Amino acid sequence: MKNFQYGKPASLEQAAAFLGPGDPNVFVMGGGTDLLGEIKEGLVEPAVVIDLKAVPGLAYIKKDKDGVAIGALTTIADLAEDPGIQKDYRVLHEAAAVVASPQLRNVGTVGGNLCQRPRCWYYRDARIVCNKKGGVKCYAEKGRNKYHAVFAGGLCWAVYPSDLAPALIALDAKAVILSAKGERTVPLAEFYMPPIVNVRKENVLNGQEIVKEVRVPQAKANEKSAYLKFIERGSWDFAVVSAAVKAVLSGTTIENIRIVCGGVAPVPWRMTKAEEALKGRKATEAAARQAAKSALKDASPLAENGYKIELLETIIARAVGSLGK
Amino acid sequence: MKKEAIIEDPYLEYIDLANIGGDQAAAPPLPQPAQPKPGEFKLIGKYTPRVDGRKIVTGEALYTHDLVFEGMLIAKILRSPHASADVVSVDLGPALSYPGVKAALKLKDGRVKWAGEPIAAVAAVDERTAEESLKLIKVEYKVLPHVVSVDKAMAQGAPLVQNEGNVAKSNEYTRGDAEKGFKEADVIFEQTYKTSWEVHQPTETHGSLAKWDGDNLTVWDSTQAIQSVRDGLARSLAMPASRIKVIKHYMGGGFGSKLGVNDHTIIAARMAKETGRPVKILLTRQENSDCVGYRPTAWMTVRAGAKKDGTLTALTLKNYNCGGIGRGDRCSEPFTDVYKCANVKVEEYAVFVNTCGSRATRAPGHTQATFGLEGFMEELAARLSLDPLELRLKNYSTKDKGDTGTPYSTKGLEQCYKLGAEKIGWSRRNKKPGAGNGTVRTGLGMASQIWPGAGVPGTLADVKLYNDGSVEVDCGTQDIGTGTRTHIAIVAAETLGLEPRDISVHIGNSDLPWAPISGGSLTVPSVAPAVRDAALKAAEYLKGLAAKKLNVAPAEIVLEDKKAVSKTDPGKSIDLKELARTIPRPMPFHGERANMTPGFAYQTFGAHFAEVEVDTETGKIKVKKVVAAHDIGRVLNRQTAESQVIGAITQGMSAALFEEKIMDPETGTMLNPNLHDYKVATAMDIPEIVPIFADVIDDRLNNLGTKGLGEPPRIPASAVIANAVFNAIGVHVREIPMTPARVLAALKRKEAGK
C-alpha cells in the first residue's frame, strides 16, 4: 500500500472541485468498505482519497410529494431501518437489510454501494491483469467461474454485486450526479454500463462526478415489491443470484411488473421477457416460474455456473409469489 | 551478507499425528498412583471457567502479533507468482539500497514448485518499507508448465510435479482375503467419495519474532509446538538447542498448521542475527491462506461385501490423496479399525500438483476417511433396508484392527450411540431416505469416530510449593486455545485442596519441563497426568508436614478447602498457608506421565447425530441440530470440553457446506486467499449443538483416566451432515463442500435414477 493524501472536503462542491481536472488518481470514498480493500489489495493506488463522510448533510432520507430522496452518504443500516422505506418500498428495505453483515451495513453507504467495484476473484487478484485492468482477456470465461455471469458476458464475466441497485432500478429510481460543471440526473436503469461499452468501469460517472442523491418516485397505492437474495452462508455474502421485483397489481393480477436480477450479469439484469409474459397473469409462484424458465433460455452459462439458472428461476418465482403476502 | 542457504519446507515430512506417542515400549513402565474414587473430585469433571478468560476477552493477553521490541525490524517475504518455474537470478541490490531496509536474503535457487514459494526476504524499519522494497527485488524466472488440479495431474502427459511421477503409492494394508470376502457376500456395493482442500484459517495468522542475546536466541512464535520449533530451529541454524528458547503465551488457533518450525521463523532468526536487531514477521491473510498448508483432498472409492443382515464380509479402499507437492494424509485407519471385518484391503496413492504442501489439519486422514467410510455405511444401510445404527452395531468391534487385534482397554462407542440417538430422536428419521414431501425436506444422519488421543508417556511437569503457601506449576506445553492453563490449574488445585486461581501456571516456554506438541489431541492426556503425578507428590509432602504438626498419621490427612484436615478428627486441621511456613525453600516436585498398561489398545470414540433441512429447489442446506456424544475417558473440565465440541462441529459444518480452496488452472494461483471468498461459517450458520460425554473412565490409561478431545468431535462433523442430507433427499451428495450446485446436481442424479 502506498501513502496517499487524505482530503476532507467542507462541501460536496469542494469535493467535486477536487475531481474537476479528472485526475484518475483521485478517488472519492463513502464508507470505504470497498475502496480501502482495493487499496490494501493493491488494485488501485490513489494519490488522493476524498472522504465524503467529512461533508455534512449528505446522510438523509427525505419524503416529499415526488417520492423519497436518499442522500448518498446514508448508511445502509439507516436505510434498512427506516420505517417509511419499509412501509412504501419493501424491495428496497429487504435489499438493504441483507447487504453484507451488520458491521458493514453500519459503515457502508448508499452511494458507495451503487458505485462499488465487482468482486470477481480474478479482478481482485492484483497479480492477474484481466480485461478490466487493461489486460487482453477475461480469465473467468474458461477458468473458475461458479460465481460469474450467465448473461451479457464476453469481455468480462464479473457480476455486478450490489443489492441496492436491482431494487432501485425496479423502483425506477434516479441518481442525482454532481460535478464541478453542475448536476445531472440519470435513471439508475441507465447508470450501469455493460463491458461491451466500457470494460474498465461499470457506470456512467466520468471520473469528475459524484453520486449525490438517489430519488425514488412515489409508490402507487396498488404497488407491491420484494427482494430475494440467495447466498451460500447465513450472512456476509454477495448474492449468488437475487431478484428485485415490483408490480402494479389489480387484485392479484399483474398490470405491469419489473424484474431486475443481481449476481447474474455484469450489470443489474432486467428480465424483460419474463416481465412481458407476466402481464395480465396472476402473481403466483407457478406463473412466475413458467415466465422465468422461458426467459432464462437466453442465458449463456459457463462451465461452472449453470446452477445459477436453476436458482434464478426459483428466486424469481418465489419473489413474485411473495408479492401478495 | 547475502548468504544463500536454501530453506527446505520442514512440513513436507508426513506428520503421523495418529501415531505420536504410540510407541509404548520406549520407556519402562512406571508405578501408577492410586486411582481416585468416583465422586471424590470437587473440580475435575465440573464446569470451571477459564482462569485466563478475562485476560483474553479484554485484550490484556499478549499474542505474538502484539509484541513490539525497541529497534524491532519487520520482515516480509517475496513469493513466486509462478506455480512452476526455474529461478534464473535474484537481484537483491535495489531492495538493499532502499532507505530503511536493513537486510535482504535470497531464499531460493532452481525449481519453484508452487505459487507462493519464498524467493527472497527483506527486513526493514517498518512494514510499509518492507513491502515497498520487496517490489524492487529483481527475479528472473524461466516459467514452466504447471498443473493444479487432481484429475489433470493424473492424466497422461501432465507436467511432472515430482520426479517420481505425479502419482505415487503412499500406503497399503491387507488382512484376510478381500476377494474371498466378496464371494461370501449377499450384496456388493461400491461408491466414490470426495473431499476438498480445506484451509486451517486460524484467527491469528502465522507469525514469529526473533531476538538474539549474544549466542542465545529467543523466538516468540504463534505455534502449537514450542519444543519442536526449538529443535527445528537448532537443526536449521546448526546451533545448540540449549541456546534456543521458544515462547508462546497466547495464540489465535492453529488447527495443525503450526506444528513445527516454519520457514518464516527461520528467516526471522537469520535476519535478526544479521542485523543485531529483533525481527518480527507476520504472514498476511493471503499468505496464511495459500502458503502454510491445508487439508489434502481424498478421492475414496469404497467397496464392501455384506450379508443381508449387514455383516461385513469384505471392505476395500482405494484412495487418491492430494496434498500439493507433499504426500498428503493416510486415510486407512478408520477403514481398518472401526468395524468388525476380517477381510480388508487398502491402497492409497499420493497425487502431486503445483500447490504448497498440505499440513496436518484437525484429525488428519481420519476426517476425510470418515466422510468416505461413514457416508458409505449410511448408503449401505439404505441398500440393505437396515437402520444405519443397527448396521453399525451389527459390525461393532471390541478389539482394534476391526476386531482382529488388541482388545480396547475401554470402548464407550455403544454408550455414545445410545445417548446420541436418544437425544436427537433417532426414530424420527426417514425410514427410507428421501421419504418426505414438499420443497424443504428434513433428514437425520449419524457418523462415528475413532481417534487415539491417549497422550504421550514421558511428559513432564513440576509442581513447586513456596513457603508463603503459593503454588506454581511448570510445564513446557502450550495453550493453543483449548484452555490448557485452566486444565493444569484444575488438576493441581484438586490434588492440593486449593482453588484453580490459587495456582500459578507457567507454560509456553520451551525451557520448562518437556511436553509434546499440542496436536493429535495430546495435550490433556499427556500434561494432566504429569501434573497430577507431581501434585500427588507435593500433597504427600504436605500431608507429612501436617501429620507432624497435628500429631496424626500422614494417611489420616486430607487436603481440602485450603486446609490439611484429619479424616477421623476434623477438629484437627491447619491452614495450608500456615503449614507452608515450615517449608525451608521452594520445593519442586517432579511429575511424569506414566506408560499405559500394556496389552490393550487405547482410543477415543464418538458418534454424532445431525438434523438438517434441504431446500430441494435451491440446494441450500440448513443444519438444525447436532448431537455429539464422545467417549474421551474422564472429562477434566466440562466447560472447555463443551467448547471444543462446539468449535469442532462449527468447523466441520463449515467444511461440509462452504470451505474449498479454489485453484486457477491457468495461473496456478489460489483464487480465494481471503476470508470473504474462502467461506467460513458465520455465527448465523451455527446450529443447536448438544455435547454429551459418555464418562467411561479408563484406569489403565493414566492416573486420571483422561483422553484427548481436540480432534474427536471434528472427525464425524462433516460426514454426519452429508448423511443427514442423504436421509432428507434420498441421494448422497458424496462430495464436500455440499454447495448448492452439487446438491442440485445430486438431485438430478437421483431423478435420472443413477
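Residues numbered from 1 in each chain as written. Chains lettered and ligands numbered in written order. Predicted model: local features only at pLDDT ≥ 70, side-chain atom pairs only at ≥ 80, totals over all residues. Heavy atoms only, no water.

**Topic: the overall build of chain A**
Line of reasoning, step 1. Of regular secondary structure, chain A possesses eleven helices and twelve strands.
Line of reasoning, step 2. Over its C-alpha atoms chain A spans a radius of gyration of 19 Å, differing by no more than 12% from the 20 Å that the globule rule assigns to 325 residues.
Line of reasoning, step 3. Counting the 325 residues in chain A, one finds 57% classified as buried.
Line of reasoning, step 4. Taking the intrachain contacts of chain A between residues at least 6 apart in sequence as the baseline, contacts between residues at least 24 apart amount to 64%.
Line of reasoning, step 5. Total accessible area on chain A stands at roughly 13,100 Å², and carbon and sulfur atoms take up 54% of it.
Line of reasoning, step 6. Here chain A holds 44 positive side-chain charges and 34 negative ones, and the gap between their average locations is 3 Å. (Helix = DSSP H or I, 4+ residues; strand = E, 2+ residues; numbered from the N terminus. Rg over C-alpha atoms; globule rule 2.2 N^0.38 Å. Buried < 20%, exposed > 50% of the residue type's maximum accessible area, 1.4 Å probe, protein only. Contact = heavy atoms within 4.5 Å. Areas by Shrake-Rupley, 256 points an atom, 1.4 Å probe, with all protein chains shown as cover. Lys, Arg positive; Asp, Glu negative; His and termini not counted. Charge placed at Lys NZ, Arg CZ, Asp CG, Glu CD.)

**Regarding the side chain of A:Arg117**
Residues and elements named next belong to chain A.
Line of reasoning, step 1. Looking at where arginine 117 falls in the secondary structure, it is placed in the loop between helix 7 (110–115) and helix 8 (164–170).
Line of reasoning, step 2. One polar contact links arginine 117 to tyrosine 123, side chain to side chain, over a distance of 3.3 Å.
Line of reasoning, step 3. Of note is the side chain of arginine 117, whose polar atom sits 2.7 Å from the side chain of glutamate 202.
Line of reasoning, step 4. Non-local contacts of arginine 117, meaning those with residues more than four positions away in its chain, are made with Asp34, Glu38, Tyr123, Arg124, Lys132, Pro161, Arg200, Lys201 and Glu202. (Polar contact = N/O pair within 3.5 Å; in protein donor to acceptor, adjacent residues only side chain to side chain.)

**Regarding empty space enclosed by the protein**
Line of reasoning, step 1. According to the stated counting rule, one finds eleven cavities of 30 Å³ or more in the structure shown.
Line of reasoning, step 2. Along the wall of the largest cavity there are 16 residues; nearest its centre are A:Arg119, A:Tyr147, A:Val159, A:Phe238 and B:Asp677. (1 Å grid on protein atoms, 1.4 Å probe; cavity = no way out; pocket = protein on both sides within 12 Å on 5 of 7 lines; lining within 4 Å. Points joined across faces, edges and corners; volume = space filled by probe spheres on them.)

**Quick word on the packing of helix 6 (residues 226–237) of chain B against helix 7 (residues 263–275) of chain B**
All names here are of chain B.
Line of reasoning, step 1. Relative orientation of the contacting elements helix 6 and helix 7 amounts to 60 degrees, with a least axis distance of 10 Å. When the axes of helix 6 and helix 7 are compared, the pair comes out oblique. The two elements helix 6 and helix 7 cross, and the hand of that crossing is right-handed. Of the residues in helix 7, those in contact with Val229, Leu233, Ser236 and Leu237 of helix 6 are Thr265, Ile266, Ala269 and Arg270.
Line of reasoning, step 2. Taken together, the residues of the contact of helix 6 with helix 7 sort by class into five nonpolar, two polar and one charged. (Axes fitted to C-alpha atoms, helices over the stretch in contact; angles between N-to-C directions. Parallel < 35°, antiparallel > 145°, perpendicular 65-115°, else oblique. Left-handed = near helix turned anticlockwise from the far one by under 90°. Nonpolar A, V, L, I, M, F, W, Y, C, P; charged D, E, K, R; others polar.)

**Observations concerning helix 10 (residues 285–295) of chain A**
Residue and element names in this part refer to chain A.
Line of reasoning, step 1. For helix 10, the full list of buried residues reads Ala287, Ala288, Ala291, Ala292 and Ala295. Within helix 10, the buried residues cover an arc of 125 degrees as seen down the axis, which keeps them to one side. When the buried face of helix 10 is taken as reference, the exposed residues oriented beyond 90 degrees from it are Ala286 and Gln290.
Line of reasoning, step 2. Looking at the buried side of helix 10, the elements it contacts are helix 9 (272–278) and helix 11 (307–321). (Arc of directions from axis to C-beta.)

**Quick word on the interface of chain A and chain B**
Line of reasoning, step 1. Contacts between the two partners involve 31 residues from chain A, matched on the other side by 36 residues from chain B.
Line of reasoning, step 2. In terms of surface lost to chain B, no three residues of chain A exceed A:Trp121, A:Arg127 and A:Arg233, which account for 22% of the buried area on that side.
Line of reasoning, step 3. At the junction of chain A and chain B, the tally comes to seven salt bridges.
Line of reasoning, step 4. Residues A:Glu232 and B:Lys679 are paired through a salt bridge, measuring 3.1 Å at the closest nitrogen-oxygen approach.
Line of reasoning, step 5. Counting across the chain A and chain B interface gives 14 residue pairs in polar contact (both at pLDDT 80 or more).
Line of reasoning, step 6. If one sorts the elements of the side of chain A that touches chain B by residue count, helix 11 of chain A sits on top with five residues. (Buried area = accessible area lost by both parts, 1.4 Å probe. Salt bridge = Lys/Arg side-chain N within 4 Å of Asp/Glu carboxyl O.)

**Quick word on unusual backbone geometry**
Residues and elements named next belong to chain B.
Line of reasoning, step 1. With an omega of 0 degrees, the peptide bond between isoleucine 736 and proline 737 qualifies as cis.
Line of reasoning, step 2. As for its placement among the helices and strands, proline 737 is situated in the loop between helix 18 (719–729) and helix 19 (740–751).
Line of reasoning, step 3. Of note in the backbone geometry, alanine 238 takes a positive phi value of approximately 50 degrees without being a glycine.
Line of reasoning, step 4. Within the fold, alanine 238 resides in the loop between helix 6 and strand 11 (244–247).
Line of reasoning, step 5. Note on alanine 238: relative accessible area 72%, which makes it exposed.
Line of reasoning, step 6. For arginine 734, which is not glycine, the phi dihedral falls at a positive 65 degrees.
Line of reasoning, step 7. Here arginine 734 shows up in the loop between helix 18 and helix 19.

**Quick notes on the environment of A:Lys2**
Line of reasoning, step 1. Following the sequence through the fold, A:Lys2 ends up in the segment before strand 1 (5–7).
Line of reasoning, step 2. Distance in space between the C-alpha atoms of A:Lys2 and A:Ile39 is 8.3 Å, their sequence separation being 37 residues.
Line of reasoning, step 3. Those residues within four positions of A:Lys2 in sequence are excluded, and the remaining contacts are A:Glu45, B:Arg128 and B:Glu132.
Line of reasoning, step 4. There is a polar contact of 3.4 Å between the side chain of A:Lys2 and the side chain of A:Glu45.

**Quick word on the packing of aromatic side chains**
Line of reasoning, step 1. For the structure on display, the rule yields 15 aromatic pairs over all chains.
Line of reasoning, step 2. Ring geometry for B:Trp426 and B:Phe609: centres 5.4 Å apart, planes at 75 degrees, overall edge-to-face. You can see B:Trp426 sitting in the loop between helix 13 (413–424) and strand 16 (440–451) and its partner B:Phe609 sitting in strand 24 (residues 604–615), a full 183 residues away along the chain. Each of the two residues, B:Trp426 as well as B:Phe609, counts as buried.
Line of reasoning, step 3. Measuring from ring centre to ring centre gives 5.3 Å for B:Tyr541 and B:Phe589, while their planes differ by 50 degrees; the resulting arrangement is tilted. Taken together, the residues span a long stretch of sequence, with B:Tyr541 in helix 15 (residues 523–550) and B:Phe589 in strand 23 (residues 587–592) at a distance of 48 residues.
Line of reasoning, step 4. B:Phe589 gets classed as buried once you look at its relative accessible area, which sits at 10%.
Line of reasoning, step 5. Linked through ring pairs, A:Tyr160, A:Phe191 and A:Tyr192 together constitute an aromatic cluster.
Line of reasoning, step 6. Over the ring of A:Tyr139 we find A:Lys137; its NZ or CZ atom is 4.8 Å from the centre of that ring. (Phe/Tyr/Trp six-rings, centres within 6.5 Å; stacked < 30°, edge-to-face > 60°. Lys NZ or Arg CZ within 6 Å of the ring centre and 35° of its normal.)

**Description of the state of the cysteines**
Line of reasoning, step 1. Summed over the entire model, instances satisfying the criterion amount to zero disulfides over all chains.
Line of reasoning, step 2. Distance from the sulfur of A:Cys120, which forms no disulfide, to the nearest cysteine sulfur (A:Cys130) is 6.2 Å. (Disulfide = S-S within 2.5 Å.)

**Observations regarding the pattern of salt bridges**
Line of reasoning, step 1. The final tally for this structure, using the stated rule, is 65 salt bridges over all chains.
Line of reasoning, step 2. One salt-bridge network, in which partners are shared between bridges, spans A:Arg289, A:Lys293, A:Glu313, A:Arg318, B:Asp615 and B:Glu617.

**Some words on the nonpolar core**
Line of reasoning, step 1. Counting 86 residues, the largest nonpolar core has B:Val612, B:Ile621, B:Ile721, B:Val725 and B:Met738 as the members making the most contacts within it.
Line of reasoning, step 2. The dominant element in this core, judged by the number of residues it contributes, is helix 18 of chain B, at eight residues.
Line of reasoning, step 3. Counting residues in each nonpolar core, the second largest holds 58 residues, with A:Val159, A:Ile309, A:Ile315 and A:Ala317 among its members. (Core = buried A, V, L, I, M, F, W, Y, C linked by side-chain atoms within 4.5 Å.)

**Details of the environment of B:Ala241**
Residues and elements named next belong to chain B.
Line of reasoning, step 1. Along the polypeptide, alanine 241 turns up in the loop between helix 6 and strand 11.
Line of reasoning, step 2. By relative accessible area, alanine 241 is classed as partly exposed at 30%.
Line of reasoning, step 3. On a C-alpha basis, the gap between alanine 241 and arginine 230 in space is 6.4 Å, while along the polypeptide they are eleven residues apart.
Line of reasoning, step 4. Aside from chain neighbours lying at most four places away, what touches alanine 241 is Arg230, Asp231 and Ala234.

**Regarding the pairing of strand 13 (residues 297–306) of chain B**
Residue and element names in this part refer to chain B.
Line of reasoning, step 1. For strand 13, the tally of buried residues reaches eight of ten residues, placing the bulk of the element in the interior.
Line of reasoning, step 2. Both strand 8 (residues 187–195) and strand 13 contribute to a ladder of nine bridges, which runs antiparallel. When the sheet's bridge partners are listed, glutamine 191 is paired in strand 13 with valine 302.
Line of reasoning, step 3. Bridge count between strand 13 and strand 14 (residues 312–322): ten bridges; the pairing is antiparallel. Pairing of valine 302 across the sheet is with leucine 317, part of strand 14.
Line of reasoning, step 4. Between strand 13 and the antiparallel strand that follows it, strand 14, lie five residues; glycine 310 among them carries a positive phi value of about 100 degrees. (Pairing = 2+ DSSP bridges.)

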